[in-house]
Amino acid sequence: MEVSVLQKLRYAYQPKLPGSLCREPEDISVRLGEATEAAADREELRELFPHTYGKPIATFTRGRNEGMRRQLRVGVILSGGQAPGGHNVIAGLYDGLRRGNEASALYGFLGGPSGLIKNRSRLLDGETVDRYRNTGGFDIIGSGRDKIETPEQFAASLDTAKGLGLNAVVIVGGDDSNTNAALLAEYFEERRAGIQVIGCPKTIDGDLKNGYIEASFGFDTACKTYSELIGNIERDANSAKKYWHFIKLMGRAASHIALECALETQPNVCLISEEVEARGMSLEDIVNQICASVAARAERGDNFGVVLIPEGVVEFIPEMGLLIDELNDILVREGDAFAALDGPEEQLAWLDRKLSGPSALVLGSLPPEIAQEFLMERDPHGNVQVSRIETEKLLMEMARRRLSRMKEEGGYRGKFSALSHFFGYEGRCAFPSNFDADYCYSLGFGAFVLIASGLTGYISSVRNLTAPAPEWVAGGVPLTMMMNLERRRGRIKPVIQKALVELLGPPFRTFARQRDAWAVETRFTYPGSIQYFGPPEICDIPTRTLLLERKGQ
Ligand code: FBP
C-alpha cells in the first residue's frame, strides 16, 4: 500500500493521554460518584431503563484494579457520518486491551450497526490497527446509519455478540447512535447477557455535548479544515475584489460549525440557525440581511464578500420547517402513492394538493430543482438530508433578485457577481488534528478501562480539554443521564438531547458583538492549515468554541 509522506510521519505520532491513564493498567481504578438523574422526564426514563438508569459518574484515578488484567473480547462499531479521529478511538481501545492482557481481542463490526445485526465483523490485529493510526476516515471497518430498532434486530445483535463470545460492544457515534447504545445496554442487562455496552461521542456537528461531554470528536479537525478553506477564499475575494462567495457548511441541525468557522475567519455574514428560529426570521428576512451587507459594502466600493450558511438553516426558518414537517408526514403516510408518481412535475403537482396552503405556497415559490431536493429520500432516522438541499444557491439567487429590485428603486449601486460552495465531506476525513488524535485515543483507551472495570451503559468521557492533555480528566458518564423524551416521527422516544448553539453562550455572544463591523468592513482572518508538527500553541490549540465555553464557566 502506498502512503503519503504525511501519513508515514503520522504513523509515528504517539497520541497524548490524560495523566490518570499513563500508569500500569492495574493501577488505574474507577471512582464512582453519586447516583445520577436524567436530563428530563426522569420517572418515564427510570421505567424505560430499569437496569441501567441513574448510575453514578465514573472518574479514573490511581488505585488497584485487578480487573484490568482480565482477558477480554470486545466488538467496536463506527456509526453515522465520518469524523476525523475514529481510527484513533479504535487504536486507543486496542492498545488498552492489549496492555491489559496480550490475549484480549478486538473485533470491528463492518459497515456500522448493521455489522452487529448481520454478524459481519473482522478481527483487528496489531498490523491492521497500525496502518490506520492518526489517519482520518472510518475505512478500517466502514460505517453506516442503520439503527438497531426492532425486537428482531436486538435479538440478532445479542446472538452475534454471544456467538463471538464478546464481553462488550463499543458504539462510536452521535446522539442517535449513543441513544442506541443506551437501549442495547438495557437490553443486554435485562437478559443478563453479561455483555457491556460503552458509547463514544462522535460527530463533526459538535452537537453531542453537555456538562460532562465537552466536545464530540471530529468537530475540531472539521472546523479547522473548513476555516482554512474559507480563509483562502476570503483572501482570494479580497485580492480579486469581484465575487461574493456563498458558502454552505455542514452541520445537520446545530450551527456550531458555522459559528466556529465565523469566529476563525470573520466573514461578512454568518447565519446561525438557532437565532433564525428564535427571531422567527423568514426566508425574506434572511435575504434582506445578506443584501444589507452587500449594499453597505458596495457603498464603500467593495463588491465582494463572504457569507456562511449552516446547512441545517432551512429547517429553522419557520415556514420552511413547517413545509419539511408536512412533507415528512405525507411521505411516511403516503409513500407508496408518492413513489408511483411519474417524475418531478407530477410529484410537485400532487404535493400541491396535499400540503397546507402556506406550505404549498413556499414549495411553489422555490426554483423547481431546489424544490425537488426537499423530496429526496429521508435518512434511516427519518431526517431530511439537508446536506443535499442547495441552500447556498437558493440564497444566492434570491439575493440576486432582491438586489436588482433594490437597484431599480435606487437603494443599491453595486455589482453583484456570486459563486456558491459547499464544504462538508472535505472536512470529515481529514487527518485528525493533534487535539482530535489525542482526544480520540484517550476516549478509546477510556472505553477499555470502563469495560475492564465492569461498567455498562456509559459513554467514555474526557474533560478539562482546554488544559494540556496530562491534566485531562477521563472517566465515564451514564448514558441515561443525557436523555429525555422527544417526539420523533410521530412517536415519543427516549433520546439523547441534541446540544444546539446557545444564544446566551459565550461563543455566540462573542460573534454577535463583532458581526456588525464584519458586515460592512473587510475584517477577514486567515487561519491557514492544520499544523501537525511544531510548537504546541499552534499544533494543540482547541477550537475557539471550546475555549470560550470553558472560559465562560
Ligand atoms: P453524524 O451526526 O452522523 O456524525 O453526521 C453528521 C453529518 O456530517 C452532517 O453534518 C451531515 O448533514 C450528514 O452527516 C451527511 O450525511 P451523509 O454522510 O449520510 O451524507
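Cut-off values and rules
Residues numbered from 1 in each chain as written. Predicted model: local features only at pLDDT ≥ 70, side-chain atom pairs only at ≥ 80, totals over all residues. Heavy atoms only, no water. Pairing = 2+ DSSP bridges. Helix = DSSP H or I, 4+ residues; strand = E, 2+ residues; numbered from the N terminus. Axes fitted to C-alpha atoms, helices over the stretch in contact; angles between N-to-C directions. Contact = heavy atoms within 4.5 Å. Polar contact = N/O pair within 3.5 Å; in protein donor to acceptor, adjacent residues only side chain to side chain. Salt bridge = Lys/Arg side-chain N within 4 Å of Asp/Glu carboxyl O. Buried < 20%, exposed > 50% of the residue type's maximum accessible area, 1.4 Å probe, protein only. Expected span 1.5 Å × (residues − 1). Core = buried A, V, L, I, M, F, W, Y, C linked by side-chain atoms within 4.5 Å.

I'm lost on the sheet that holds strand S5 (residues 121-123) in this one. Help?
Hydrogen bonds along the backbone pair up the strands of a sheet, which may run parallel or antiparallel. The strand order S1-S2-S13-S12-S7-S6-S3-S4-S5 describes an open sheet built from nine strands, whose pairing is mixed. Only two strands of the sheet have a single neighbouring strand rather than two, namely strand S1 (28-32) and S5. On average, each strand axis in the sheet is inclined to that of its neighbour by 30°, with strand direction left out of account. Bridge analysis of strand S3 (residues 73-78) against strand S4 (residues 105-109) gives four bridges, and the strand direction is parallel. Across the sheet, residue Arg73 finds its bridge partner in S4, namely Ala105. Across the face of the sheet, helix H3 (residues 86-100) comes into contact with S3, S4, strand S6 (168-173) and strand S7 (196-201) while running at roughly 175° to S3.

For this particular structure, what's the right way to read the sheet that holds strand S9 (residues 269-270)?
The strand order S9-S10-S8-S11 describes an open sheet built from four strands, whose pairing is parallel. Each of the sheet's edge strands pairs with one partner strand only, and the pair in question is S9 and strand S11 (418-423). Packing against the sheet, helix H9 (residues 256-265) makes contact with strand S8 (244-249), S9 and strand S10 (305-310), and its axis sits at approximately 155° to S10.

Would you mind showing me how to read the side chain of Asn268 here?
Among the secondary structure elements, Asn268 is positioned in the loop between H9 and S9. Within the structure, Asn268 has its side chain in polar contact with the backbone nitrogen of Val306 (distance 2.8 Å).

Explanation requested: the pattern of salt bridges in the structure shown.
Side chains that differ in charge, positive against negative, can pair when their charged atoms come close. Taken as a whole and judged by the stated rule, the model has 31 salt bridges. When the shortest N-O distance is used, the salt bridge between Arg46 and Glu43 registers 3.8 Å. Of the two residues, Arg46 and Glu43 are both situated in helix H2 (residues 42-48); the distance of three residues between them amounts to about one turn of the helix. A residue is classified by how much of its surface remains accessible, and Glu43, at 51% relative accessible area, is exposed. Where Glu397 meets Arg401, a salt bridge forms, and the shortest distance between an N and an O atom there is 3.6 Å. Placement of the pair is Glu397 and Arg401 together in helix H18 (residues 391-408), with a separation of four residues, close to one helical turn. Owing to a relative accessible area of 28%, Glu397 belongs among the partly exposed residues under this scheme. Each member of the salt-bridge network shares a partner with another, and the members are Lys16, Asp438 and Asp540.

I'm lost on helix H7 (residues 175-190) in this one. Help?
Structural remark: α-helix, 3.6 residues per turn; residues separated by three or four positions point the same way. When the terminal C-alpha atoms of H7 are compared, their 23 Å separation across 16 residues agrees well with the 22 Å that a helix rising 1.5 Å per residue should span. Along H7, 13 of the 16 residues are buried, which leaves the element largely enclosed by surrounding structure. Following H7 by one or two positions, Arg192 adopts a phi angle in the positive range, close to 45°.

Looking at this structure, I do not really get unusual backbone geometry. What am I missing?
Backbone geometry follows two general trends: most residues other than glycine have a negative phi, and most peptide bonds adopt the trans configuration. Positive phi, normally seen in glycine, also occurs at Asn119, with a value near 60°. By the element assignment, Asn119 lies in the loop between helix H4 (113-117) and S5.

Would you mind going over the nonpolar core with me for this structure?
One broad trend across soluble globular proteins is that nonpolar side chains are buried collectively. In terms of nonpolar packing, the biggest core is built from 80 residues, with Leu93, Val170, Tyr226 and Leu249 touching the most fellow members. Those residues in contact with Tyr226 that lie beyond four places of it in its chain are Ile204, Leu249, Met250, Ile257, Cys261, Phe423, Gly424, Glu426, Gly427 and Arg428. Listed in part, the 50 residues of the second largest apolar core include Cys291, Val307, Leu363 and Met406.

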